[in-house]
Structure formats: C-alpha cells, structure tokens
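So the chains spell out like this:
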Amino acid sequence: MTLRKILVVALLGVVALVGPGLLPARLGGTYPSGDRPVPDTVAALALFQSRVERDANAINLTVLAQLYARRSRETGNVEELASAETAVRAALAQKPNYGPAMLTLASVLAGQHRFDEALTTAHRAQQLDPRLGALGLVGDVLVATGDYEGAREAYSHLAGTPGSPGLAARMAHLYELEGDLEKAIRQTERAAAAGLDQGAVGEEAAWFQVRLGDLNFTVGKFGESDRRYRAALELLPGYWPALAGRGKVSTARGDFDRAVQFYELAAAVVPRPEVMVALGDIYSINGELRRARDSYATVEIISQLSPGVYDRNLALYEADHGDPEAALALAESGLEERRDVYGYDTLAWAFYRLARYGDARRAMDRALSLGTRDPQLLFHSGAIWLALGDNRSAITDLEAALELNPHFHPRYAEEAREMLALARSFD
Amino acid sequence: MRQLFRTLPILAVIAALAVGLVAGPASLLAADHLDAPGLTPPGGDSRLDINDVYAFQSPANPDHAVLIMTTNPAAGALTGQLGFHPDATYEFLADTDGDAKPDNWARINFDPTDSSGQQAYRLKVKGNGPNISGVTGQLVDLDGQVKVTAGTFDDPFFFDLVSFLAADFDCSTASNFFTGLNTQAIVFEFPRSELSGTVGVWARTMLGDQQIDRMGRPAINTVFIPNNIFEPAGSEPSQRNAFNAGKPQHDQRDFRNEVVDTLEIFYGAGNPTVGTLTDILLPDVLTVDFGSSAGFLNGRRLADDVIDAELGLVTNGAVTTDCVSNDSAFSGTFPYLAPKN
C-alpha cells in the first residue's frame, strides 16, 4: 500500500468511529453568538482567491497568505502553510520590500518549524518596517530554539506596545518555562481578557483559552482547565487543540469513553501525532490493541507527510512505543536547530530508553536548567535518577510531578507512582 | 501528555498575533483606509475603523443633505468582526461657525447582532428631535424628510492601493484595489436647512469617553501623518493613533508641522503655497455647502475622484492621477451606495 492509501485507511478507520451526533454541527461555519462571531475564514479565502485570480497584486497575495496561515491554525493542517508560502513569496517577488509580506513569510516559516529561515526573515521584516512588531516573532523563534536571553531582549523592544495581549502571552510563556506557573496563569488570563476586550474572535481568541486550559491542566486544576477548553470551543467550534484538551481532562478524570470521543473529534479535524498518540495510549489501556496499533501507525505516517514539523512528537513516540535508536537520531538532529527545554528533554528520554543513564542525566539537567515545572519533565528526571540509583533525587522529582498533577498521563502517572514507591523502598 | 502542545504552533499562533491582531489583514485595509500604525485596527476592532466620509447634496432632492460614513474595512470579512460595534457610538459632527468645534451632531448606537444577523439601532440628533429607530439592512423614511439606513454595501472607495504602497503610479497596471469588497455604512439624509451655509463635517467612533477613530477629508492621516510612505517607520515616531484620537479644533496646533513637512517635499521648503495648502487641509473636516451640487473640494460625492484631486495638490502636480476611477454602480436615489457584493 502506498503511504497515501495507508493514510486514507487510517483516517477512515478513525472517522468511522465517530458517531453521527458527535461532530459539531457546523465545523468551521460562521454563526454569531452575541457580538462574538466566528470569522468565516473559508469565505474570506474564497474572496481573496478570486481577487488574486483577477489581480495577483502583492497586497491581495499577502492577505491570501495570511488567510491560509489563519486557516492552518484553525484546522491544525500544516499543509495550508505551504499554500501560504507560495502566495506570500509571489507577493515578495513583486514587492521585495513590502514589510507585511516579509513578516507573513517569517511567521509561515516558523509555523513549518523552519526556524533558522524564520529568524532571518523576521529580522528583515523588522528592518523593513519596525511598526509591524516583527521582533515579537524574532523572540518567539528564539524561545523555540532555546535562546531565552535573546528572546527576552527581542521582547523588551515590544514593551512599549500598550496593552498588547500578544506581548503578555509571550511573557507568560517565559514565566511558564521558568517554573512560575501561577504567574503564567495570571498573565495569560490578563492577556486573554485584553484580547477579548479588543474584539479578538475566532482562533485568536480561542488560542488564549487553550493556553489557560493547558496551564491549569499542568497544575492539576481539571475543572478550570475543562472550562477553558469549552470556552475555546465556543469561540471556535471544532478547534482541535480544545477538543484534544477536553480529551486530556477526561482521561485525567478517568473517563476514558468520553476521552476517546473528544480525541476522535480532534482526530477527525486533523490526525496530528499528539492526538493519535493520546488515542493510542487510551486504547492500549482499554485493551483495544488493534485500534491502538492503528492510532500509533498514523503517527509515523503523519510525521512523514510533514517532515520536520512533528519530529519531536515522533521522537517521543519512538522512545515510548517504537525504536529508541530512531528516537535518539531524531532527538539529536532536532537539537541542532532547537536547543530548548523540550529538545533536551526529548534527548534525555531517548538516552534513558537506551539505558544510557549518564547521557540522559546530562541532557535532563540541561532541560531543567530554567526550573520548568512540568510533570512530564519531572517524571523523566525522576526515572533517570532512579536508574542511576539516586533515590533521594528520584523521590524529589517524582513527588513534584505528582503533586503538580497526579493524573498527568494515563500511563506515566501510574509509572511515576510505582517508581516513587520503589525509590522510597530503597531509600 | 504535556508534549501534546509542544508542537501546537505556539510560534505560528503568536506570530499570527503579530501579523493578525497586530498587523494583519485589517491593517492592510484599515481605514482612511490605512490609518492605524500597523499595530491594530483603531481600538483593536475593525468595526471601529472609519473608512470614508461623504457629504453631498442629494441628487434626488436639492433641498436635502446626505452624510455617509463607511466603516469596517472589507466589512469585517478578514477580521471576523462583523457589522457595527454594539458598545460604540458612531457620530457625524458638524461645525457651523467655523471654529472647528462641533456645533451639531448625530449619534448612532447599535444593538448586538440578533439571531437573524441584523442589528437594531437608534439615531439621535442634537436638540429636541426624536430618536430614529431602525434595523440594519432596512430603510427608514420619515415622510420623505429624513431617511436613514445602515448595513453592508459595496465599498464605494476606489484607489490603486498597491501602487500607492509602491509609491509608483503606473497607469498601465493600475487597478482599483477595492473592487468587490464590501463595507459597513450609515447613510443619513435630512433637510439641508439644518446645516446651512458652509459647514465642516466629520465622523468619529467612540467607545465610552474614548475617541477611537475620526475622519473628515480622505487620506489626511494616511498621507500626511507619520508613519507613511514619505516618512516611513524608523524615520520618526508614529502619530497615527494620536491623530485618530485628536480633535479638528487642535489639528493646526498638533499636526501642522507634519502636513508642512510632507508638502515641502514637493513644493520646497519656504514655499508660501505650503502654508496656504496646510490651512486648507487642516483642520481635518470636510467643508461643504449643501446648497451647491458641486463635489470635492465642496464636500465629497461618492464618485468624486478625491485621490486624483489630492495627489495633484500634495505633489504640486508631479502626480495627478492614480489612473483609477469609480467602478461602483451608485444610485441617484437613497441610499445612493451600490448594493453589497
């Protein structure tokens, strides 16, 4: 079978599981709720596609590119970014100094995880037109690649932008990475409210709610987390990270049936690796091994269809379910461009699975160097300490993981508990 | 599981906040049509963005004056912020004694969009007149004397935006960027005896006490106020937001230097015409005598090529046209605008 056929079969397999009443009534449609309508990106795309056909000028092309990029964020489909790139490069071919086009290109490249190119392009956009706030994107790319000081420096130039929700959200992300989760939550709440005040709609508004859903999940506040994911879905029906988020919360609450429903809804929108791994994990726990296998198989397929975008997910998947050597290769090549907290975490976990505990420890220490409080990181770290025979440190980290969120993962939270018991018994 | 959102394209999304909320599609088409400094639409909401203001004697009735304001670039198709802002006040203002302060006003407030996609509104005029109530998409006609409508229409503006941004008007490739785009509009017709003689009119949007956007003449903010194509970002700080929040009575005080700077590029420093022109352009109000059916610079009719007129003025005849003329099918009767696309 060709890759494409496998994909179709896998997708059909997933979609067939979705009952008729479970899909949102109008995925991506537009219907106003009070004064908070959902932008009809599809209609806007059609409008600007026809405008480009009539007159492929630089502005029409740039707007078209921005709409493709927006659609990509709404649907999780990274292929739309390729359409965005084509359109905006055509715009730049006509007007090489058009700042908005350059910034659009930079953000599209960042979305495709082409970080080095994104950085260069964002700098050029900044030179072309400082009004556009391209330094924000510069900072974002630096965060993604692990240059946190550089990111701070870039963001500091945006400090004058009054009340910008975008800036507040960026600072919140830094607080999160530094382990100040409470501050991250408060800052994101402020940013979300400011965004809504300023008329944010659709995916832009929903994204803030998802961030709050994620942050609250990290600290084990499932009620608040789920409320935020639901709010995101009100703002953008069918928003896949919010659907997946609700799946995650259901899992943590032990409601696996509901979790499967949500994950399958998310997968029907877009079968991203994060979602398919989560589905596979739940099916495994439930003993539905064929479905688990199908779900896991999709991870590899999707990753291959969009090379580079999902390498980190794929590396972790390989570490946990597949070939740890492949995990290591992916983690090491990933680190070449992205030496950030989660890049080192991925490397550490690949080493761990290969029983290279010394290397794992060194990588894990780099991952924890900012003080990030994330159950996944702390679980990985605790497991590595245990393997190295440092029971005290293992207890510290495993307890910290479970204290943050005792149900941070359907399988690994339990493993963390077992390791903790073991470490305590040795201690 | 935390990995779940590591590849959520936080970057692309935050970047989109940069490009979308910050400098996205709305700002490309933003008002007069480009007056916010590339950060957000005025007030962060494209519904508060005034595109154009028109003032003319009704072609259907020489005793009537017509005021039109168009708002929300592309009628919110790009931002998703549709219709009129339910917390805002949309105002027409008129100065009747020549001091650039408003002596008369008409205020319109809208309800949130209802389940059928319409917005109820109320229009109130200074003085003892009654509220006029209506619903978007419908015409209100009070004994043929006062007419009001609000809703979505074909954007009457015509301009070669692409060439403007390239600072290069090439007639062989000119096209009206606004063809096929819609806009929100409020059309208000009334006996011109209410505003007799030569008056200055302008429009503004308010959120509570805060003025978000205002406009009198076409393109003043876009052409003269930094940053613009003559004084790009980096050359000096932007004053676009200050202009949007400003009042005509203070325009000479606050923005005279900016207008002079731009005009001197074409007329040369010290040329007395610069001062004369500046005094015409500021304060930023549309001066109009509704007793005359003549167009721009007497008010502004829908089909008036204000761009050509202003280009010639500003560039001292160096550029006299953007090679684009009106392509909308206006009507000779209320509400005059072409229907939405």
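No experiment lies behind these values; they were computed from the predicted model shown. (Residues numbered from 1 in each chain as written. Chains lettered and ligands numbered in written order. Predicted model: local features only at pLDDT ≥ 70, side-chain atom pairs only at ≥ 80, totals over all residues. Heavy atoms only, no water.)

Q: What is the right way to look at helix H16 (residues 289–305) of chain A in this model?
A: The periodicity of an α-helix, 3.6 residues per turn, causes residues three or four places apart in sequence to face the same way. Compared with an ideal rise of 1.5 Å per residue, which puts 17 residues at 24 Å, H16(A) spans 25 Å between its outermost C-alpha atoms and is within 8% of the ideal. The complete set of buried residues in H16(A) reads A:Ala292, A:Ser295, A:Tyr296, A:Thr298, A:Val299, A:Ile301, A:Ile302 and A:Ser303. (Helix = DSSP H or I, 4+ residues; strand = E, 2+ residues; numbered from the N terminus. Expected span 1.5 Å × (residues − 1). Buried < 20%, exposed > 50% of the residue type's maximum accessible area, 1.4 Å probe, protein only.)

Q: Would you explain the confidence of the model for chain A in this entry?
A: Detail in the predicted coordinates should be disregarded across regions flagged by low pLDDT. When pLDDT is averaged across chain A, the result is 88; 91% of the residues are at 70 or more. Considering only residues more than four positions removed or in separate chains, one finds that residues 1–34 of chain A, a stretch of pLDDT under 50, has 39 contacts. (pLDDT = per-residue confidence, 0-100. Contact = heavy atoms within 4.5 Å.)

Q: Got a minute to help me understand the pattern of salt bridges in this structure?
A: A side chain of one charge can pair with a side chain of the opposite charge if their charged atoms are brought near each other. All chains considered together, the criterion is met by 40 salt bridges over all chains. A salt bridge links A:Arg411 to A:Asp281, with the shortest nitrogen-to-oxygen separation between them at 3.7 Å. Within this pair, whereas A:Arg411 is found in the loop between helix H22 (391–404) and helix H23 (412–426), its partner A:Asp281 is found in helix H15 (residues 273–286), the two being separated by 130 residues in sequence. A salt bridge links B:Arg107 to B:Glu91, with the nearest nitrogen and oxygen atoms 2.7 Å apart. (Salt bridge = Lys/Arg side-chain N within 4 Å of Asp/Glu carboxyl O.)

Q: Explanation requested: the packing of aromatic side chains in the structure shown.
A: Pairs of aromatic rings are described using the distance from one ring centre to the other and the angle between the two planes. Per the stated rule, a full pass over the model turns up 21 aromatic pairs over all chains. Centroid distance A:Trp207 to A:Phe208: 5.2 Å. Interplanar angle 70°. Geometry classified as edge-to-face. The interplanar angle of 50° and the centroid separation of 5.8 Å between the aromatic rings of B:Phe157 and B:Phe159 together place this pair among those described as tilted. Connected via pairs of aromatic rings, a cluster forms that spans A:Trp349, A:Tyr352, A:Tyr357, A:Phe379, A:Phe408 and A:Tyr412. (Phe/Tyr/Trp six-rings, centres within 6.5 Å; stacked < 30°, edge-to-face > 60°.)

Q: Got a minute to help me understand the environment of B:Asn221 in this structure?
A: Residue and element names in this part refer to chain B. Here Asn221 shows up in helix H4 (residues 220–224). Note on Asn221: relative accessible area 0%, which makes it buried. Along the sequence, Asn221 and Val259 sit 38 residues apart, while their C-alpha atoms lie 9.6 Å from each other. A polar atom in the side chain of Asn221 sits 3.0 Å from the side chain of Asn244. (Polar contact = N/O pair within 3.5 Å; in protein donor to acceptor, adjacent residues only side chain to side chain.)

Q: What is the right way to read helix H20 (residues 357–367) of chain A from this model?
A: All of the buried residues in H20(A) are A:Ala360, A:Arg361, A:Ala363, A:Met364 and A:Ala367. Packing partners of the buried residues in H20(A) comprise helix H19 (341–353) and helix H21 (375–388) of chain A.

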